[in-house]
Amino acid sequence: MIKFDFKTYTNSFINQEEFNDLYNKKNEMIEKLKNCKMTGWMKPINQDWVTNIKKCAQNIKNNFDCLVVIGIGGSFLGSYSFSKMFQKYFDDKSFPVIYAGTTLSSKYLEELQRHLEHKNFCLNVISKSGSTMETNVTYQILKDLLKRKYSDEELKSRIIITTDKSTGPLHEEAMVNNYQSFEIPEDIGGRYSFLTPAHLLPLALNYNIDDIIEGYYEGDRLVDIAYEYAVTRKLLFNQHKVVENFCVYEECMAPFTEWLKQLFGETEGKEGVGILPTSTIHTRDLHSLGQFVQEGNKILFETFIKITNSDSFVEYNKQELHRINNIVLDSVVKAHYSGGVPCLEIEMTELDIENVSSLIYFFMLSAAFSALLFNVDPFNQPGVEVYKKEVKQALEK
Ligand code: PA5
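Residues numbered from 1 in each chain as written. Predicted model: local features only at pLDDT ≥ 70, side-chain atom pairs only at ≥ 80, totals over all residues. Heavy atoms only, no water.

Asks: How do you make sense of the packing of aromatic side chains when you look at a structure like this?
Replies: Aromatic ring pairs are defined here through the distance separating the ring centres and the angle between the ring planes. Under the criterion given, the structure shown has 33 aromatic pairs. Plain terms: the ring middles of Phe 82 and Phe 86 are 5.0 Å apart, the flat faces sit at 55 degrees to each other, and that makes the pair tilted. Within this pair, Phe 82 and its partner Phe 86 are both found in helix 4 (residues 77-86), separated by four residues, close to a single helical turn. Like Phe 86, Phe 82 is buried. Of the aromatic side chains, those joined through ring pairs into one cluster are Phe 4, Phe 6, Tyr 229, Phe 246, Phe 256, Trp 259, Phe 264, Phe 362 and Phe 363. The ring of Tyr 150 is capped by Arg 158, whose NZ or CZ atom sits 3.8 Å from the centre of that ring. Here the guanidinium or amino end of Arg 233 rests over the ring plane of Tyr 229, the centre of that ring lying 5.6 Å away. (Phe/Tyr/Trp six-rings, centres within 6.5 Å; stacked < 30°, edge-to-face > 60°. Helix = DSSP H or I, 4+ residues; strand = E, 2+ residues; numbered from the N terminus. Buried < 20%, exposed > 50% of the residue type's maximum accessible area, 1.4 Å probe, protein only. Lys NZ or Arg CZ within 6 Å of the ring centre and 35° of its normal.)

Asks: Is there a simple way to think about the site of the ligand in this case?
Replies: In the vicinity of the ligand there are 13 residues, among which Ser 75, Ser 127, Ser 129, Thr 132 and Gln 262 approach most closely. Side-chain polar atom of Ser 75 to an oxygen atom of the ligand: 2.6 Å apart, as the coordinates give it. Gln 262 is positioned such that a nitrogen or oxygen atom in its side chain is 2.6 Å from an oxygen atom of the ligand. The fraction of the free accessible surface of the ligand (380 Å²) that becomes covered by protein chains is 90%. Tallied by class, residues from the shell around the ligand come to one nonpolar, nine polar and three charged. (Near = heavy atom within 4 Å. Polar contact = N/O pair within 3.5 Å; in protein donor to acceptor, adjacent residues only side chain to side chain. Areas by Shrake-Rupley, 256 points an atom, 1.4 Å probe, with all protein chains shown as cover. Nonpolar A, V, L, I, M, F, W, Y, C, P; charged D, E, K, R; others polar.)

Asks: Looking at this structure, I do not really get the side chain of Glu 134. What am I missing?
Replies: Here Glu 134 shows up in helix 6 (residues 133-149). As a buried residue without a salt bridge, Glu 134 has its nearest oppositely charged side chain in Lys 388, at a separation of 6.7 Å. When neighbours within four sequence positions are excluded, Glu 134 is seen to be in contact with Ile 72, Gly 101, Leu 104 and Tyr 387. (Lys, Arg positive; Asp, Glu negative; His and termini not counted. Salt bridge = Lys/Arg side-chain N within 4 Å of Asp/Glu carboxyl O. Contact = heavy atoms within 4.5 Å.)

Asks: It is not clear to me how the side chain of Ser 83 should be interpreted in this structure. Could you clarify?
Replies: Looking at the element boundaries, Ser 83 is found in helix 4. Side-chain polar atoms of Ser 83 contact the backbone oxygen of Tyr 80, separated by 3.0 Å. Ser 83 has contacts with Tyr 99, Leu 203 and Tyr 207, leaving out every residue within four places of it along the chain.

Asks: How should the domain arrangement of the protein chain be read in this particular structure?
Replies: The accessible area lost on association of the parts is a frequent measure of interface size. Partitioning the protein chain into domains gives domain 1 (2-35 + 215-373) and domain 2 (40-207). When each unit is reduced to the centre of its C-alpha atoms, the spacing between domain 1 and domain 2 is 30 Å. The interface of domain 1 with domain 2 comprises 28 residues on the first partner and 21 residues on the second. Taking both partners together, domain 1 and domain 2 bury about 2,200 Å²; carbon and sulfur atoms supply 71% of that area. Where domain 1 meets domain 2, there are one salt bridge. (Domains from an automatic or database assignment. Buried area = accessible area lost by both parts, 1.4 Å probe.)

Asks: I would appreciate a short explanation of the sheet that holds strand 3 (residues 97-100) in the present structure.
Replies: The strands that make up a sheet pair up through hydrogen bonds in the backbone, lying either parallel or antiparallel. Strand order across the open sheet formed by five strands is 3-2-4-5-6, with parallel pairing between neighbours. Each end of this open sheet is capped by a strand with a single partner; those strands are strand 3 and strand 6 (180-184). For this sheet, the mean inter-axis angle between neighbouring strands, taken without regard to orientation, is 20 degrees. Of the strand pairs in this sheet, strand 4 (residues 121-127) and strand 5 (residues 159-164) are connected by five bridges, and their pairing is parallel. (Pairing = 2+ DSSP bridges. Axes fitted to C-alpha atoms, helices over the stretch in contact; angles between N-to-C directions.)

Asks: Would you mind showing me how to read the pattern of salt bridges here?
Replies: In a structure, side chains of opposite charge can pair up when their charged atoms sit close to one another. Applying the stated criterion across every chain, the model contains 19 salt bridges. Between Arg 191 and Glu 266 there is a salt bridge whose closest N-O contact spans 3.1 Å. Here Arg 191 is found in the loop between strand 6 and helix 9 (197-204), whereas its partner Glu 266 is found in helix 12 (residues 254-268), with 75 residues between them in sequence. On the accessibility criterion, Glu 266 (22% relative accessible area) is partly exposed. A salt bridge links Arg 284 to Glu 251, with the nearest nitrogen and oxygen atoms 2.6 Å apart. Of this pair, Arg 284 sits in the loop between strand 8 (276-281) and helix 13 (289-295) while Glu 251 sits in the loop between strand 7 (243-248) and helix 12; the two residues are 33 residues apart in sequence, bridging distant segments of the chain. The class of Arg 284 is partly exposed, set by a relative accessible area of 46%.

Asks: Any chance you could explain the packing of helix 5 (residues 106-116) against helix 6 here in plain terms?
Replies: Angle between the axes and distance between the axes: these two values describe a pair of packed helices. In the contact formed by helix 5 and helix 6, the axes pass within 11 Å of each other and the chain directions differ by 30 degrees. When the interaxial angle is binned, helix 5 and helix 6 end up roughly parallel. Once helix 5 is placed against helix 6, the crossing between them reads as right-handed. Where helix 5 approaches helix 6, its residues Leu 109, Leu 112, Gln 113 and Leu 116 are matched on the opposing element by Thr 138, Ile 141, Leu 142, Leu 145, Arg 148 and Lys 149. (Parallel < 35°, antiparallel > 145°, perpendicular 65-115°, else oblique. Left-handed = near helix turned anticlockwise from the far one by under 90°.)

Listed below in structure tokens is the structure:
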């Protein structure tokens with residue numbers, strides 16, 4: 001179960017009349033969202049994918065020692081952040097999945113090649129456009145590594161391509177070489193592709209994807225509250241709260257805050273508007289950015305993600321440590337609010353697969369609503385093209 005409180009610690013910043021005016025547009029906004037072209041992520045999942053993903057994952061586990069996932073942005077952060085939340089900190093026994101494709105660092109790529117040299121690995125390259133530079137550079141380098149060891153025939157079982165259903169260089173590559181492939185549908189963009197093969201295939205190696213799918217669609221019940229969240233954010237923005245700081249109290253949720261930054265950053269940061277998403281991991285960052293939040297420039301509000309119960313039990317001073325962690329969270333909310341920082345709270349009963357999957361859907365809905373409230377297109381990211389053009393020109397010189 002997930003509970004939301006967007007009122008208690010925002011109260012003194014929100015004008016109730018303005019809130020009601022915007023909140024009353026809910027049905028209009030839901031319609032507007034449904035009428036957007038890129039909303040395939042709100043539709044039922046294709047059951048054939050589920051069957052094929054499970055088969056493919058089993059095949060990988062039976063035949064290889066590890067899977068290398070290559071992708072960037074929305075094509076990797078969903079499954080990466082999800083799996084980090086459920087892995088063990090130490091002595092993790094899950095099937096090894098290496099995430100690559102997010103860097104042009106030669107240090108990283110040289111070490112990765114060396115690491116993989118004597119491993120029995122396969123690749124899953126994920127790119128909707130099929131033309132993303134970082135993804136392609138990593139793919140070519142690791143494909144060459146495979147080519148040095150295996151025949152073209154063998155490559156067919158070691159390369160899995162997840163890309164647009166009908167266009168793009170990777171689609172071509174899969175067709176020409178007869179590589180196994182999965183589709184990212186036309187009406188689903190990268191950061192909204194959590195419930196597509198882009199994320200479900202890597203996740204299927206270690207998790208029951210039926211639980212993920214069930215949890216995700218449970219999120220459907222959160223449409224109203226997702227809109228309330230979007231409205232609250234927008235009204236805080238109108239009060240010059242232009243930064244949203246996501247606060248988590250589990251180190252394993254740090255990558256999830258990266259997913260949140262990517263989702264909100266690319267969805268609403270355009271045409272000179274949007275709220276800048278940042279994150280702090282507590283209690284670690286209370287000893288760094290915590291100072292700024294408490295006493296610095298009052299440009300931000302915070303969204304806390306709390307976990308009510310923990311499976312792990314540690315006793316400290318005759319008290320449960322998880323309880324102490326949550327007491328700290330509650331105290332920080334009060335302290336920051338008293339320092340002029342509005343605080344929103346999301347509370348999951350447990351950090352489990354169903355809750356996190358619902359939360360992912362909730363955030364995707366909220367991000368899309370937020371963009372619509374800012375009057376910008378939630379589903380494009382034209383700004384990202386600008387650096388790509390510069391790079392292209394520089395490389396052609
Ligand atoms: O969310 C998005 O749409 C982007 O972050 C993309 O996922 C990212 O740029 C990678 O694009 P592609 O999947 O085309 O390689």
